[in-house]
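Secondary and tertiary structure notes
For reference, the chains in residue letters:
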Amino acid sequence: MRFLALLRKELRESLPWMLLAAIIFLAIGGFVLRAQAYLGQPSWYYSGLSPGTVVDTYRLTHFSPLRMTGSWLLVTSIGLGLALGVRHFWMPLFTRTWPFLIHRSANRPTILWAKLAAAIISFIIPVGVVWVALYRYSCRPEIFETLPTKRVFIEGWLFILLGLVAYLGTALAGLSSARWYTTKILGLAFATIVICMTIFQWRLGWAFAVLVVGVVVLLSQIIDAFLNREF
């Protein structure tokens, strides 16, 4: 019951950022898809093909209107991760409410896992649901000439998980008791490296491997810092 009460509290405080992320991504993603549906298949992508050229299937299906929303999905996810990280781990520091929260009847692991669970839900519901809705809309052959592949759908969830990496990096920086000019920013720096390495991986398997390693490293550091820090 204490965990559920803390989870509701964290979700209530995260709700404005969840709604903002969902509205921004839905508005931009919906506008991009509607514009592509109105304009039709872009010709510039295939303008380099010569008549009679043998073209592999991947090149014909590589481009889809949904791919144009990928950069906005990544920006929205990272922005949501930064906002939630600040809200969950920086605001109690600024408002000096950590002692009140830590010395409640719930123990530290319960408080930490409530925050992490609220963050995961905040990514799945607003951003993930909108991504699924846009994907299903872009799969309608009566509207779009080129339909997205399963890889595009998986890449979208990869971008959403990168927002969670940004959240963990922000949380670790907030929990660090070091100063800015020493090692306090290492959490954000490491998260940035993980995000860049994941984006530049061509194979999805390697991309997910890098992401999992980054999450494990950040999460282990967060648990150690939260359980042992004197607030």
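Our subject is the structure that appears above.
Quick caveat: nothing in here was measured; it's all calculated off a predicted structure.

1. Quick word on the packing of helix α3 (residues 70–94) against helix α5 (residues 108–138)
To describe two helices that pack against each other, one gives the angle between their axes and the distance between the axes. Two elements in contact, α3 and α5, have axes separated by 11 Å at closest approach and are oriented at 155°. As the angle between them shows, α3 and α5 are arranged roughly antiparallel. Relative to α5, the crossing made by α3 is right-handed. Contacts between α3 and α5 pair Leu-73, Ser-77, Leu-80, Gly-81, Leu-84, His-88 and Phe-89 from the former with Leu-112, Lys-115, Ala-118, Ala-119, Ser-122, Phe-123, Val-127 and Trp-131 from the latter.

2. Thoughts on helix α6 (residues 150–175)
The terminal C-alpha atoms of α6 lie 38 Å apart, and with 26 residues this matches the ideal 38 Å at 1.5 Å per residue to within 8%. Most of α6 is tucked away: 20 of the 26 residues are buried.

3. Comments concerning the packing of aromatic side chains
This model, assessed by the stated rule, comprises three aromatic pairs. Centroid distance Tyr-135 to Phe-153: 4.6 Å. Interplanar angle 45°. Geometry classified as tilted. On the criterion of sequence distance, the pair formed by Tyr-135 in helix α5 and Phe-153 in helix α6 is long-range, its members being 18 residues apart. Residue classification places Tyr-135 among the buried residues on the basis of a relative accessible area of 10%.

4. Some thoughts on the pattern of salt bridges
A complete count under the given rule lists five salt bridges for this structure. As a salt-bridge pair, Glu-13 and Lys-9 come within 3.3 Å of each other at their nearest N and O atoms. With Glu-13 and Lys-9 both in helix α1 (residues 2–39), this residue pair falls four residues apart, about one helical turn. The salt bridge partner of Glu-155 is Arg-151, with a shortest N-O separation of 2.8 Å. You can see Glu-155 and its partner Arg-151 sitting in helix α6, four residues apart, about one turn around the helix.

5. As for the nonpolar core
Within the largest apolar cluster, 53 residues are counted, with the highest numbers of intra-cluster contacts made by Phe-89, Val-165, Tyr-167 and Phe-226. When contributions to this core are tallied by element, the ones reaching two or more residues are α1, α3, α4 (98–102), α5, α6, α7 (186–199) and α8 (204–228). Of all the elements, α6 adds the most residues to this core, at 13 residues.

6. Observations concerning the side chain of Ser-14
Secondary-structure assignment places Ser-14 in helix α1. Owing to a relative accessible area of 0%, Ser-14 belongs among the buried residues under this scheme. A polar contact is formed between the side chain of Ser-14 and the side chain of His-88, at a distance of 2.8 Å. Setting aside anything within four residues of it in sequence, one finds Ser-14 in contact with Leu-84, His-88 and Ser-122.

7. With respect to the side chain of Ser-77
Among the secondary structure elements, Ser-77 is positioned in helix α3. Assessed through its relative accessible area of 0%, Ser-77 is described here as buried. A distance of 2.9 Å separates a polar side-chain atom of Ser-77 from the backbone oxygen of Leu-73. Ignoring sequence-local partners within four residues, the contact set of Ser-77 consists of Phe-123, Val-127, Phe-159, Ile-160 and Gly-163.

8. Regarding a nonpolar patch on the surface
Taken together, the side chains of Ile-120, Ile-124, Ile-125 and Val-129 present a nonpolar region at the surface, about 340 Å² in accessible area. Counting through the fold element by element, Ile-120 comes out in helix α5. Note on Ile-120: relative accessible area 40%, which makes it partly exposed.

9. Some remarks on α3
Compared with an ideal rise of 1.5 Å per residue, which puts 25 residues at 36 Å, α3 spans 34 Å between its outermost C-alpha atoms and is within 8% of the ideal. Bending of α3 peaks at approximately 40° at the position of Arg-87. Backbone geometry just after α3 places Arg-96 at a positive phi near 60°.

10. Thoughts on the packing of α6 against α8
The interhelical angle for the contact between α6 and α8, taken along N-to-C directions, is 25°, at an axis separation of 9 Å. Put simply, α6 runs roughly parallel to α8. When you trace α6 past α8, the crossing you get is left-handed. Of the residues in α8, those touching α6 at Arg-151, Ile-154, Glu-155, Leu-158, Leu-161, Leu-162, Val-165, Leu-168, Gly-169, Ala-171, Leu-172 and Leu-175 are Leu-204, Ala-207, Phe-208, Leu-211, Val-215, Leu-218, Leu-219, Gln-221, Ile-222, Ala-225 and Phe-226. When its residues are assigned to classes, the contact of α6 with α8 shows 19 nonpolar, two polar and two charged.

Definitions and limits used
- Residues numbered from 1 in each chain as written.
- Predicted model: local features only at pLDDT ≥ 70, side-chain atom pairs only at ≥ 80, totals over all residues.
- Heavy atoms only, no water.
- Axes fitted to C-alpha atoms, helices over the stretch in contact; angles between N-to-C directions.
- Helix = DSSP H or I, 4+ residues; strand = E, 2+ residues; numbered from the N terminus.
- Parallel < 35°, antiparallel > 145°, perpendicular 65-115°, else oblique.
- Left-handed = near helix turned anticlockwise from the far one by under 90°.
- Contact = heavy atoms within 4.5 Å.
- Expected span 1.5 Å × (residues − 1).
- Buried < 20%, exposed > 50% of the residue type's maximum accessible area, 1.4 Å probe, protein only.
- Phe/Tyr/Trp six-rings, centres within 6.5 Å; stacked < 30°, edge-to-face > 60°.
- Salt bridge = Lys/Arg side-chain N within 4 Å of Asp/Glu carboxyl O.
- Core = buried A, V, L, I, M, F, W, Y, C linked by side-chain atoms within 4.5 Å.
- Polar contact = N/O pair within 3.5 Å; in protein donor to acceptor, adjacent residues only side chain to side chain.
- Patch = residues over 30% accessible without salt bridge, like charges linked within 9 Å, V, L, I, M, F, W, Y side chains within 5 Å.
- Areas by Shrake-Rupley, 256 points an atom, 1.4 Å probe, with all protein chains shown as cover.
- Bend = angle between axes of the 7 residues up to and from the residue.
- Nonpolar A, V, L, I, M, F, W, Y, C, P; charged D, E, K, R; others polar.

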